[in-house]
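Survey of secondary and tertiary structure
These are the residues of each chain, in order.
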Amino acid sequence: MSRKLAIFISFHFKMLEKTEMKFDPEEVIEEFEALTKEAGKVQQETLKKILEENGGTVYLQQWGLNGRTDPESFKACVPLVTHKDLEPYIQRIADGDLSPVLTGKPITTISLSSGTTQGKPKFVPFNDELMESTMQIFKTSFAFRNREFPVENGKALQFIYSSKQFKTKGGLAAGTATTNVYRNAHFKKTMKAMQTPCCSPDEVIFGPDFHQSLYCHLLCGLIFRDEVQVISSTFAHSIVHAFRTFEQVWEELVADIREGVLSSRVTVPSMRSAMLKLLKPDPEQADTIYNKCSGLSNWYGLIPGLFPNAMYIYGIMTGSMEPYLKKLRHYAGELPLLSADYGSSEGWIGANVNPKLPPELVTYAVLPNIGYFEFIPLRGNLDGLEPTPVGLAEVKLGEEYEIVVTNFAGLYRYRLGDVVKIKGFHNATPELQFICRRNLLLSINIDKNTEKDLQLSVEAAARLLIDEKLEVVDFTSHVNVATDPGHYVVFWELSGEGSDETLQECCDCLDKSFVDAGYVGSRKTNMIGALELRVVKRGTFHKILDHFVGLGGAVSQFKTPRCVGPNNSRLLQLLYYDAVKSYFSTAYC
């Protein structure tokens, strides 16, 4: 490694340790360019730093590294793991073990993954280094975004919600990853430095009732409507949910602005007090908003109609969020949709540095200094063994891989379970496209269907609803093995009431749209039974959201579970209880 690069990396790590930095977009981009030009060498330096800091931990000591920090020794000694393998170590930390279990420095905070598929959240270590990498990702993507869509002294209407933090047995603060970020002073300083402070006061973001928080977010957005330049949330779902809610309560919001009196639906004292400081009678603004809403056709272009100076809409729009893009585009009109960065509760991977790409084509440039990354090729070896992981500098264009993460928060060779495709390179760092979660959603016999397969089937069947002017509000699935043979169940919530004839066609289309050879063959031989479509009541998926929040989750981290597993009995009960119609496929009769 060149002396110049070594000095630069050392300087960069020192800079990351500082809690306050003046934000200069061009400086951030220059820094990113330098890091990515020698991504392979930066990766080696990053692994060395991780192992030097944590080599004496209980976990790493057992693998016989003996102070070695090179990638070859690391891969030879330390095994690939899943969360299940690290769970006992993380639990020790949560229970109060102060010895260096996974990290040299103490872990002070635990993040909870969303865990909506099986209903049980995972514990994940969270520390200052993870917070710093979060801010680095935010700054990097904002710097590139701001080149294309410059915002100046505006506000962001952010539909963000913080869940309650609680204390683990050992006294550590525990909350969702988003909560841990929002509660960190560095987050607010960074947002302020990027000239996009949130419209809503802290009392709304940290409010105990998300229904009231959502109403107040909408009201804050309308109060500052001329200053709003960005509309965002962690996930696209939250933005769609917010404006579906707006359709129901908009006249009440207009009345609040007209009279300067807050709706009685907001009962939390701290929230009421904070909102009343912002709310003043404004009949002129109320008339403008009323006329805007009244003049819309089926709410098309609602967002730019309400916020005339908005530059774009921003949030995670890939993976399980793709089904919401159609509705989001309806609300957005001509306003660009920009997909946020790529990460998880376990940590960050890459930033969106090509913000003009539509969400379906978005890629993420890996930041080589925030962790050490390996990639398991999805093409199997001829001997049937799992392929050997390759380094960041060894991935090939067009190939698909599963990501393996080693980070500063105690995860070592951790299989993230995400499948990505190498779509290009930014300098020497790969640009990834998220494909799907590797773990199968739907499987009974030899069938193998992923979240993407389910999404494509739903999209194909939903096209049959167009003539009846209906849309699928949301969907999920379940593998029913209580019947013989077992069969897939797909749950739909619709925007209105569909005819039996059309819904039977939808059911048949769903079944035929699963093109996996194992599924088709099993259906033809009756090893898998006829697919079942169950239509649930309006508001059922809102109840699922309420259920998630009731378990301590944060709305801003909510993802509709695309498959409800057998362990999540409460959710299954809710879905079956709320079903109003049921159809069985005749596609293979």
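- Looking up the protein chain in an unreviewed UniProt entry gives the name Jasmonic acid-amido synthetase JAR1, with the organism given as Anisodus acutangulus.

Some remarks on the overall build of the protein chain
- When its secondary structure is counted, the protein chain shows 21 helices and 20 strands.
- Long-range contacts, defined here as pairs at least 24 residues apart, represent 71% of the contacts in the protein chain between residues at least 6 apart.
- Accessible area for the protein chain stands at about 24,800 Å²; split by element, carbon and sulfur atoms hold 52% of it.

Section: the pairing of strand β12 (residues 372–377)
- When you tally the buried positions in β12, you get six out of six residues, the bulk of the element.
- Bridge count for β12 against strand β14 (residues 400–406) is six bridges, and the pairing is antiparallel. Residue pairing across strands places P377 opposite Y401, the latter belonging to β14.
- Where β12 meets strand β13 (residues 390–391), two bridges bridge the pair, whose relative direction is antiparallel. Across the sheet, residue E374 finds its bridge partner in β13, namely G391.

Looking at the packing of helix α17 (residues 451–462) against helix α18 (residues 500–513)
- Interhelical geometry of α17 versus α18 gives an angle of 145 degrees and a closest axis separation of 8 Å. The chirality of how α17 crosses α18 is right-handed. Of α18, the residues touching α17 (which contributes S457, V458, A460 and A461) are C506, C509, L510 and S513.
- Looking at the contact of α17 with α18 residue by residue, the classes come out as six nonpolar, two polar and no charged.

Quick word on the packing of aromatic side chains
- Under the defined criterion, the tally for this structure stands at 21 aromatic pairs.
- When the ring of Y59 is compared with that of Y412, the centres are 5.7 Å apart and the planes differ by 15 degrees; the resulting orientation is stacked. Within this pair, whereas Y59 is found in helix α4 (residues 58–61), its partner Y412 is found in the loop between β14 and β15 (414–426), the two being separated by 353 residues in sequence.
- A relative accessible area of 2% places Y59 in the buried class.
- Above the ring of Y314, the side-chain terminus of R145 is found at 3.8 Å from the ring centroid.
- The ring of F475 carries the charged tip of R562 above its face, separated from the ring centre by 4.2 Å.

Brief notes about the pattern of salt bridges
- For the coordinates displayed, the defined rule picks out 19 salt bridges.
- With its nearest N and O atoms 3.2 Å apart, the salt bridge here joins E53 to K49. Taken together, the positions of E53 and K49, both in helix α3 (residues 39–54) and four residues apart, correspond to about one turn of that helix.
- For the salt bridge of E471 with R244, the shortest nitrogen-to-oxygen distance reads 3.8 Å.

Digging into the state of the cysteines
- Under the criterion given, the structure shown has zero disulfides.
- Cysteine C198 remains unbridged, with the sulfur of C199 as its closest cysteine sulfur at 6.2 Å.
- As a non-bridged cysteine, C507 has C506 as the owner of its nearest cysteine sulfur, 8.7 Å distant.

Quick word on the sheet that holds strand β3 (residues 155–158)
- A sheet is described by the order of its strands in space; here four strands give the open sequence β3-β6-β7-β8, paired in parallel fashion. Across the chains shown, the open sheet's two edge strands, defined by having one partner strand only, are β3 and β8 (337–339). Geometrically, the sheet is characterised by an average inter-axis angle of 25 degrees between neighbouring strands, direction not taken into account.
- Bridge count for strand β7 (residues 312–316) against β8 is three bridges, and the pairing is parallel. Within the sheet, the bridge partner assigned to Y314 lies in β8 and is L338.

Here's the deal with α18
- In a regular helix each residue adds 1.5 Å, so 14 residues correspond to 20 Å; α18 covers 20 Å between its end C-alpha atoms and thus fits that length.
- Here α18 has its buried residues at T502, L503, C506, C507, D508, C509, L510 and D511.
- Where the residues of α18 are buried, they touch α17, β18 (487–494), α19 (517–524), β19 (532–536) and β20 (579–584).

Concerning the environment of Q62
- Residue placement: Q62 occurs in the loop between α4 and α5 (71–77).
- Note: C-alpha distance between Q62 and V78 (16 residues apart in sequence) is 9.0 Å.
- Within the local environment of Q62, its side chain forms a polar contact with the backbone oxygen of Y59, the two atoms lying 3.0 Å apart.
- Among the polar contacts listed, one links the side chain of Q62 to the side chain of Y89, at a separation of 2.8 Å.

Considerations on the sheet that holds strand β17 (residues 472–480)
- Overall, mixed pairing links the four strands, which are arranged β17-β18-β19-β20 in an open sheet. With one partner strand each, in any of the chains shown, β17 and β20 form the two edges of the open sheet. With strand direction ignored, the average angle separating the axes of adjacent strands in the sheet is 20 degrees.
- Sheet topology places β17 next to β18; eight bridges connect them, and they run antiparallel. Each bridged residue has a counterpart across the sheet, and for H478 the counterpart in β18 is V489.

What counts and how
Residues numbered from 1 in each chain as written. Predicted model: local features only at pLDDT ≥ 70, side-chain atom pairs only at ≥ 80, totals over all residues. Heavy atoms only, no water. Helix = DSSP H or I, 4+ residues; strand = E, 2+ residues; numbered from the N terminus. Contact = heavy atoms within 4.5 Å. Areas by Shrake-Rupley, 256 points an atom, 1.4 Å probe, with all protein chains shown as cover. Buried < 20%, exposed > 50% of the residue type's maximum accessible area, 1.4 Å probe, protein only. Pairing = 2+ DSSP bridges. Axes fitted to C-alpha atoms, helices over the stretch in contact; angles between N-to-C directions. Left-handed = near helix turned anticlockwise from the far one by under 90°. Nonpolar A, V, L, I, M, F, W, Y, C, P; charged D, E, K, R; others polar. Phe/Tyr/Trp six-rings, centres within 6.5 Å; stacked < 30°, edge-to-face > 60°. Lys NZ or Arg CZ within 6 Å of the ring centre and 35° of its normal. Salt bridge = Lys/Arg side-chain N within 4 Å of Asp/Glu carboxyl O. Disulfide = S-S within 2.5 Å. Expected span 1.5 Å × (residues − 1). Polar contact = N/O pair within 3.5 Å; in protein donor to acceptor, adjacent residues only side chain to side chain.

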